[in-house]
Amino acid sequence: MLGVEFIRSNPDEVRQALSFRGASESVNLVDEVLEQDRILREALTLQQAKQQEINSASRTVGTLMREGNKEAATDLIQRQKKLKAEVKELGQTVSDSEEQLSKLLLAIPNIPHESVPEGLTEAENVTIHRHGEPPSFDFEPLPHWTISDRHGMIDFERGAKVAGAGFPFYMDVGAKLHRALINFFLSAATPQYTEVRPPLFVNAASAQGTGQLPDKEGQMYFIEDGFFPVPTAEVPLTNYFRDEILSEADLPIKLCAHTPCWRREAGSYGAHVRGLNRLHQFDKVEIVQFTHPHASYDVLEAMRLHAEELLKALELPYRCLLMCAGELGFNQAKQYDLEVWSAGQKRWLEVSSISNFTDYQARRMNIRFRPDGGGKPQLVHTLNGSALALPRVVAALLEHNQKKDGSYEFPSALTPYLT
RNA sequence: GGAGGGGUGCCGGAGUGGUCGAACGGGGUGGUCUCGAAAACCAUUGUAGGCAAUGCCUACCGGGGGUUCGAAUCCCUCCCCCUCCGCCA
């Protein structure tokens, strides 16, 4: 979320950012914040003044009691009753407006970076560059679900029987390819990033910290005892330092993890969810960084390149998109998507999203660092990226490398891992 | 799941109703001493917030609520940790 102080001193900038994102209907939230903030501070000031009176009177009562002057003490106690009631009432006002204010703040998205292009729809995302070209085949290339079916790699039907649609079984070579990709991705990340095995369920506080809650319950599963199965490793990894103060010297901190990801994908349907295109459970290797505020945009580029290198090594044609203001995630200040070419479906599939959240998540999670040489703690910047999400890479690999006779081969980068 | 014991500042650890934001020790920082270092000594060392703002004040001793003129200290509740028993991969 944004800081109240920031909104208080830059209301116009926030309003502009909201309309830039195409959330013009939310612009009045800014005025609500300012008003609520005013009410809050007014009540707070008054409450604190009255509390001060009570505190000093209590000290006097203590002295009088010790001196044995019970009568004077009782007098004073009587006079405090009224003040106490007033403080209690003001306290109610304070907590009410705090609650209101925090609801409002959670409803205001991050401010887009100046380099974010204008636009409200997918069509206005900017293609930064392409690598490789969609290949031409001297036969009609098949979609991955047909190929995987022929080779017994993925069993969607039995997955649907045992769990439900979107929960496939990967069998034999399919399972092995999965394991190879996970290891390949992790091996590529671990020279820089610390490998982590995080909890796969998180609590509500963590889900709110990274921005899944409130409002995005439709995305996550919720299970008994208050747990959320992770929709991405971003959640446990970024919350790792929640409510902590780091040392500036420790920055940047780089974490990576392979986890399954569970998503409800409520409302998805049609041909675009066929096969591996959209699943309720999938695997992903995620990279996360906690950086100094000055460094985050350089780090964003580095993380993007890291993900791109993986696709290059897999010899898959891909394009890199810079998301326009309207397509930018709620918490993001700047975001790239990487899309691979699906030869069988003849369309681009998103396999990675790399984002800079600036201090937006850090403020929600209260993750700060103490500057070298002391001074007030400052918020870190957080970033994350998929490097990479598995199923669509599997789909693209099968489709891209298919041969007319129905055979296939995988890129040599995977050979050491396919054992 | 049952029984019991705990959660205090960067760390250890006092404190069971009245200047306690918190003794004492360690650590960190600054200084004195020294050619320098060590030792010793002195000083300093949390976070958030409000205001008429080189200062004053409020809140915070796991979280929330309550009792009281006054709570780190008493009560309720939740969370977490430890020990023993049970169960279990």
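Residues numbered from 1 in each chain as written. Chains lettered and ligands numbered in written order. Predicted model: local features only at pLDDT ≥ 70, side-chain atom pairs only at ≥ 80, totals over all residues. Heavy atoms only, no water.

**Description of the overall build of chain A**
Here is the rule: Helix and strand definitions here come from DSSP, where helices need a minimum of 4 consecutive H or I residues and strands a minimum of 2 consecutive E residues; each element is numbered from the N-terminal end. The cut-offs for exposure are 20% and 50% of the maximum accessible area for each residue type, with area from a 1.4 Å probe on protein chains only; residues under the lower value are buried, those over the upper are exposed, and the others partly exposed. Any two residues whose heavy atoms approach within 4.5 Å are treated as being in contact. Residue exposure ignores everything except the shown protein chains as possible cover, and the areas themselves are Shrake-Rupley values with a 1.4 Å probe.
Helix and strand counts for chain A stand at twelve helices and 15 strands. Across its three principal directions, the C-alpha atoms of chain A cover 105 × 45 × 40 Å. Residues counted as buried form 49% of the 419 residues belonging to chain A. Expressed as a percentage of contacts within chain A between residues at least 6 apart in sequence, the contacts between residues at least 24 apart total 74%. For chain A, the accessible area works out to roughly 20300 Å², and carbon and sulfur atoms hold 50% of it.

**Quick look at the packing of helix α3 (residues 28-67) against helix α4 (residues 70-106)**
The test is simple: Think of each axis as a best-fit line through the C-alpha atoms, taken over the contacting stretch in the case of a helix, with angles from 0 to 180 degrees between the N-to-C directions. Note that the term roughly parallel is reserved for angles under 35 degrees, roughly antiparallel for angles over 145, roughly perpendicular for angles of 65 to 115, and oblique for everything else. A clockwise turn of the near helix away from the far one marks a right-handed crossing, whereas an anticlockwise turn of less than a right angle marks a left-handed crossing. Throughout this entry, Asp, Glu, Lys and Arg are counted as charged residues, while Ala, Val, Leu, Ile, Met, Phe, Trp, Tyr, Cys and Pro are counted as nonpolar. The remaining residues, Gly among them, count as polar.
Interaxial distance between α3 and α4 falls to 7 Å at its minimum, and their mutual angle equals 160°. One way to sum up the angle between α3 and α4 is to call them roughly antiparallel. Judged by the sense of rotation from one axis to the other, the crossing of α3 with α4 is left-handed. Here the residues of the contact of α3 with α4 are counted per class, giving 23 nonpolar, ten polar and eight charged.

**What to know about a nonpolar patch on the surface**
Heads up, the condition is: The patches described consist of residues with a relative accessible area above 30% and no salt bridge, like charges being joined within 9 Å and nonpolar side chains (Val, Leu, Ile, Met, Phe, Trp, Tyr) within 5 Å. Put simply, a salt bridge is a Lys or Arg side-chain nitrogen that is within 4 Å of an Asp or Glu carboxyl oxygen.
The grouping of V162, F169 and M171 at the surface amounts to a nonpolar patch, some 270 Å² of accessible area in total. By the secondary structure assignment, V162 is in helix α6 (residues 156-162).

**Re the pattern of salt bridges**
Scanning the entire structure with this criterion turns up 19 salt bridges. Taking the shortest distance from any N to any O, the salt bridge between E140 and K346 comes out at 2.8 Å. With a gap of 206 residues between them, E140 in the loop between β1 (126-131) and α5 (144-150) and K346 in the loop between β11 (334-342) and β12 (347-356) connect regions that are remote in the sequence. According to the relative accessible area criterion, E140 is exposed, its value standing at 57%. Accessibility expressed as a relative area gives 44% for K346, which makes it partly exposed. Residue K284 is joined to E286 by a salt bridge in which the shortest nitrogen-to-oxygen separation is 2.6 Å. Among the residues examined, E286 registers a relative accessible area of 2% and is labelled buried.

**Here we look at the nonpolar core**
For clarity, the threshold we go by: Here, nonpolar core means buried Ala, Val, Leu, Ile, Met, Phe, Trp, Tyr and Cys residues that are tied together by side-chain atoms lying within 4.5 Å of each other.
L181, F185, L314 and V393 are the most contacted members of the largest nonpolar core, which totals 49 residues. The residues touching F185, leaving out its near neighbours within four places in the chain, are V285, L310, L314, A387, L388, L390 and V393. The next biggest cluster of nonpolar side chains, apart from the first, holds 23 residues, and it includes V14, L18, A23 and L29.

**Observations regarding helix α12 (residues 390-400)**
The α-helix winds at 3.6 residues per turn, so residues separated by three or four positions along the chain end up facing the same way. α12 sits mainly inside the fold: ten of its eleven residues count as buried. What α12 keeps buried is the set L390, P391, V393, V394, A395, A396, L397, L398, E399 and H400.

**So, the environment of Q47**
By secondary structure assignment, the location of Q47 is in helix α3. The spacing of Q47 and T93 is 46 residues in sequence and 9.7 Å in space, taken between C-alpha atoms.

**Some details on the confidence of the model for chain A**
Going by this rule: Confidence scores per residue from the predictor, reported as pLDDT, run from 0 to 100.
On average, residues of chain A score 92 in pLDDT, and 99% of them are at 70 or above. Averaged over each element, pLDDT in chain A is lowest for α4 (87) and highest for helix α10 (residues 296-313) (98).

**Digging into the sheet that holds strand β7 (residues 244-247)**
Convention followed: The rule for pairing is simple: two strands pair if DSSP sees at least two bridges between them.
Within the open sheet, the three strands sit side by side as β7-β13-β14. Their pairing is mixed. Of all the strands in the sheet, the pair left with one neighbour each is β7 and β14 (378-379). Bridge count between strand β13 (residues 367-370) and β14: two bridges; the pairing is antiparallel. Residue pairing for β14: R368 is matched across the bridge by L379.

**A few points about the environment of I54**
Summarising the element assignment, I54 is placed in helix α3. When the C-alpha atoms of I54 and P109 are compared, they prove to be 41 Å apart, with 55 residues separating the residues in sequence. Setting aside its immediate chain neighbours within four residues, I54 contacts Q80, L83, K84 and V87.

**A few points about the side chain of S353**
Our working definition: Under this definition, polar contacts are N or O atom pairs within 3.5 Å; protein pairs additionally need one hydrogen-donor-capable and one acceptor-capable atom, and for neighbouring residues in sequence, both atoms have to be side-chain atoms.
With respect to the helices and strands, S353 occurs in strand β12. Polar side-chain contacts of S353 include one of 2.9 Å to the side chain of D337. Once residues within four sequence positions are removed from consideration, S353 is found in contact with Q335, Y336, D337, N384, G385 and S386.

**So, the pairing of strand β10 (residues 318-322)**
Of all five residues in β10, five are buried; the element is thus mostly enclosed. Pairing of β1 with β10, which is carried by five bridges, proceeds in the antiparallel orientation. In the strand pairing of β10, V126 is matched with L322. Pairing of β10 with β11, which is carried by five bridges, proceeds in the antiparallel orientation.

**Quick word on the protein's contact with RNA strand B**
Rule in force here: Summary of the distance rule: residues count as near a molecule or strand when at least one heavy atom falls within 4 Å of that molecule or strand.
Among the 20 residues in the neighbourhood of RNA strand B, the closest are listed as T45, S58, Q80, R368 and R370. Expressed as a percentage, the sugar and phosphate content of the atoms of RNA strand B within 4 Å of the protein is 79%. Within the contact set of RNA strand B, a sugar or linking oxygen lies 2.7 Å away from a side-chain nitrogen or oxygen of T45. One nitrogen or oxygen atom from the side chain of Q48 is found 3.3 Å from a base nitrogen belonging to RNA strand B. Elements that contribute at least two residues to the surface near RNA strand B include exactly α3, α4 and β13. If you tally residues by element for the surface near RNA strand B, the top one is α3, at twelve residues. Tallied by class, residues from the surface near RNA strand B come to five nonpolar, eight polar and seven charged.

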